[in-house]
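# Reading the structure
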Amino acid sequence: MAQSKFSTNFLFNVFGSIFPIIVSLGTVPFYLHLIGTDRYGIVAISWILLGYLGFLDFGLSRASANALAQLGHATARERSPVLMTAFYSNLGLGALGGLILYPIGDVVLMHFVRIPPDLLAETRHAYPWMAVMLPLGMINGVATGALESRERFLLSNMLNSSTTMAGQIIPLICIYLWGPQLTVVLPAIVLSRLGMIMLSYCVVITLEWPIRPLDYDVTWLKRLLGYGSWVSISSLINPLLDTSNQLIIGATLGVTSVGQYTVPMNLAMRSQVVATALARTLFPRLSRANRAEAVDLTRRATASLTYGFGMICAPGILFSGAFLHMWVGGNFADVSRPVAEILMFGAWTNGIAFLPYGLIQGQGRPHVTAKVSMVEILPFFCVLWLFIKWWGLPGAAAAWTLRVTINLIALYLLSDCLSRQTWRLVPGMIIMTGALILSLLVPMSLVVSACAATVAGLAMAFAAYRLDPGLHDIVHRFVQRAGGIPVLRSQVRMQYEGQAVAVQRHGGALSVVGTRRCNGAGDWAACGQGACTVDPAAFSF
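Residues numbered from 1 in each chain as written. Predicted model: local features only at pLDDT ≥ 70, side-chain atom pairs only at ≥ 80, totals over all residues. Heavy atoms only, no water.

Glancing now at the nonpolar core. Soluble globular proteins tend to pack their nonpolar side chains together in the buried interior. Y261, L282, L343 and M432 are the most contacted members of the largest nonpolar core, which has 67 residues in total. Beyond its immediate stretch of four places on either side in the chain, L282 contacts F6, L297, A301 and L355. Counting residues in hydrophobic clusters, the runner-up holds 51 residues, among them A63, A67, A143 and W220. (Core = buried A, V, L, I, M, F, W, Y, C linked by side-chain atoms within 4.5 Å. Buried < 20%, exposed > 50% of the residue type's maximum accessible area, 1.4 Å probe, protein only. Contact = heavy atoms within 4.5 Å.)

Here it is as structure tokens:
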């Protein structure tokens, strides 16, 4: 049951991440047609400013999610102070951030962005509405954390997707009714988002009832800030490291090169939906579990993600050039092809890094991830400048890929995930490296690249079947069910002394194959896989 729930939550997070992308892709042409490129550009810049100021919540959303996950089985009276402290603190910090955003945004838009003269007055009158968006976004993060701490991912994704849909569609309706002015678009975005956030809090209050509105606890505030301040450092540095490439490219190679880099970068980032969904699904469990359980869960998830995500990225590397030629064509595709191939490899390593990153933060050590990010800043910018100077756009892609790969290695070591079973990941690394080398060195037509991508995907799938026990078991169960054969699971999740355990059938006996607790005899690691036989009567399905 626990494994089935985890898989279901993972799928909820995958579709919940894909849906906003689909909505945005579907509505952008309407916005461009109705309000024009200039007005849409002003709205886009405002969203960018909001994203950069999001660190002003000092990590309280992530901190509250971690604290509430640890209190997953606590009473409402124990959870209420955490929730209300995070809510009031984020509301206050968001209001402060809005006051900071207003003059900063005014300066940026009026003095650093070339706005057509006929839109200057309209922009100045509409912009205060965008400053209101910051506190709304910050308190929404608390509601999302509360839902995900209880692993209510279906509700969380439904509400977030509805918020995205409302924020995209309601402004379009308002444009049809009252005109394409920014003074119509921005208030419509704010008010639609406010309505959906109020609905989210109605759901949270229902789940967490009884909540005491005055449950503001200074002690909890100190604990949340102690955790969240380190998270905010990571939240500030990581986007800077990911987006600074474009700024340096623009300064050294020109704005045309920025577009040729940004398109494949966006494709690579979008491919990480699966990795992001898995990390979100794991975080509440990693926050609740003890150290040994959390490490074991992360190791198994890393193996599955290495090959599962590799089935997307390895073919993506080999087919990205052909895809760009079909999509954008011409010289743009020729220049962007090697960039896309290198960045897709980096997206794979970066996606895997989400898991040890979540483990370290879930176990209450956010200072570790923050310090790793701080250490990377100076070396990355030096390497980025040199690689751009030597190799141009592919050099920029290589610098980012090198950084995220080193980041993965560092986080994996610091999270204590390295073990004797890590060798199982090596074939996946070989396939990915081979795909990258082949795509960079061998020119391929559409048909050849499609065939190569298929072979790479099948190779990754075969390696996953042979080396990842989790995916191997899923395939066996699927084949048995598809063929109408009764499923005799070689490994089943059961309950023993109130703990979820994994065991293997041997005739009438059951042998431990996991790493938690075994028949009161101590840790499973001490028993060894299959070495500790237990009585089936002691377990309940």
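Turning next to helix α10 (residues 291–327). Along its 37 residues, α10 runs just 47 Å from first to last C-alpha, ending more than 12% under the 54 Å computed at 1.5 Å per residue. Of all bends in α10, the biggest is about 55°, found at F319. The residue sitting at the N-terminus of α10 and contributing the capping side-chain oxygen is N290; that oxygen lies 3.2 Å from the backbone nitrogen of A292. Positive backbone phi, at 65°, marks G329, one or two positions downstream of α10. (Helix = DSSP H or I, 4+ residues; strand = E, 2+ residues; numbered from the N terminus. Expected span 1.5 Å × (residues − 1). Bend = angle between axes of the 7 residues up to and from the residue. Polar contact = N/O pair within 3.5 Å; in protein donor to acceptor, adjacent residues only side chain to side chain.)

Bringing the packing of aromatic side chains into the picture now. Under the criterion given, the structure shown has nine aromatic pairs. A centroid spacing of 6.3 Å and a plane angle of 55° characterise the contact between Y88 and Y216, whose relative ring orientation is tilted. Separated by 128 residues along the polypeptide, Y88 in helix α3 (residues 76–112) and Y216 in the loop between α6 (182–208) and α7 (218–252) bring together distant segments of the chain. Between the aromatic rings of F387 and W391, the centroid separation amounts to 4.9 Å while the plane-to-plane angle is 70°, which identifies the pairing as edge-to-face. Taken together, the positions of F387 and W391, both in helix α12 (residues 366–391) and four residues apart, correspond to about one turn of that helix. Three or more aromatic residues joined by ring pairs form one cluster here, namely F87, Y88, Y201 and Y216. Lying across the ring of W220, R223 places its NZ or CZ 4.0 Å from the centre. Over the face of the ring belonging to F380 we find R403, whose NZ or CZ atom lies 5.5 Å from the ring centre. (Phe/Tyr/Trp six-rings, centres within 6.5 Å; stacked < 30°, edge-to-face > 60°. Lys NZ or Arg CZ within 6 Å of the ring centre and 35° of its normal.)

Let's shift gears to unusual backbone geometry. Outside of glycine, negative phi angles account for most residues, and trans bonds account for most peptide bonds. With an omega of 5°, the peptide bond between W209 and P210 qualifies as cis. Mapped onto the elements, P210 comes out in the loop between α6 and α7. Despite not being glycine, E151 shows a phi value in the positive range, around 60°. Here E151 is to be found in the loop between α4 (120–149) and α5 (153–178). Overall, the relative accessible area of 7% leaves E151 in the buried class. The backbone of D416 shows a phi angle near 65°, a positive value even though the residue is not glycine. Inspection of the secondary structure puts D416 in the loop between α13 (393–414) and α14 (426–441).

Looking at the secondary structure, you find A453 in helix α15 (residues 446–467). We classify A453 as buried; its relative accessible area is 9%. Along the sequence, A453 and C313 sit 140 residues apart, while their C-alpha atoms lie 9.5 Å from each other.

Before going further, it helps to spend a moment on the environment of G98. You can see G98 is positioned in helix α3. By relative accessible area, G98 is classed as buried at 9%. Contacts of G98, omitting those with residues within four sequence positions, involve A131 and L134.

The next point concerns helix α11 (residues 330–362). Between the first and last C-alpha of α11 there are 46 Å, a value that for 33 residues agrees with the 48 Å anticipated at 1.5 Å per step. Its maximal kink placed at S336, α11 deviates by approximately 40°, while the proline P338 follows within four residues. Of all 33 residues that make up α11, 25 are buried, and the element is covered over most of its length. Directly beyond the C-terminal end of α11, a positive phi value near 80° is found at G364.

A few words on the pattern of salt bridges. Two side chains carrying opposite charge are able to pair once their charged atoms lie near each other. Per the counting criterion, the structure on display carries eleven salt bridges. R280 is the partner of E148 in a salt bridge, and the nearest nitrogen-oxygen pair spans 2.2 Å. With E148 in helix α4 and R280 in helix α9 (residues 273–288), this residue pair connects regions lying 132 residues apart in the sequence. Using a relative accessible area of 13% as the deciding quantity, one classes E148 as buried. (Salt bridge = Lys/Arg side-chain N within 4 Å of Asp/Glu carboxyl O.)

This part covers the packing of α11 against α13. To characterise two packed helices, one gives the angle between the axes of the helices and the distance between these axes. It is the contact of α11 with α13, at a shortest axis distance of 8 Å, that shows an interaxial angle of 20°. With respect to α13, the element α11 is oriented roughly parallel. When you trace α11 past α13, the crossing you get is left-handed. Grouping the amino acids of the contact of α11 with α13 by side-chain chemistry returns 22 nonpolar, six polar and no charged. (Axes fitted to C-alpha atoms, helices over the stretch in contact; angles between N-to-C directions. Parallel < 35°, antiparallel > 145°, perpendicular 65-115°, else oblique. Left-handed = near helix turned anticlockwise from the far one by under 90°. Nonpolar A, V, L, I, M, F, W, Y, C, P; charged D, E, K, R; others polar.)

Scope: geometric values only; no functional claims are made or implied.
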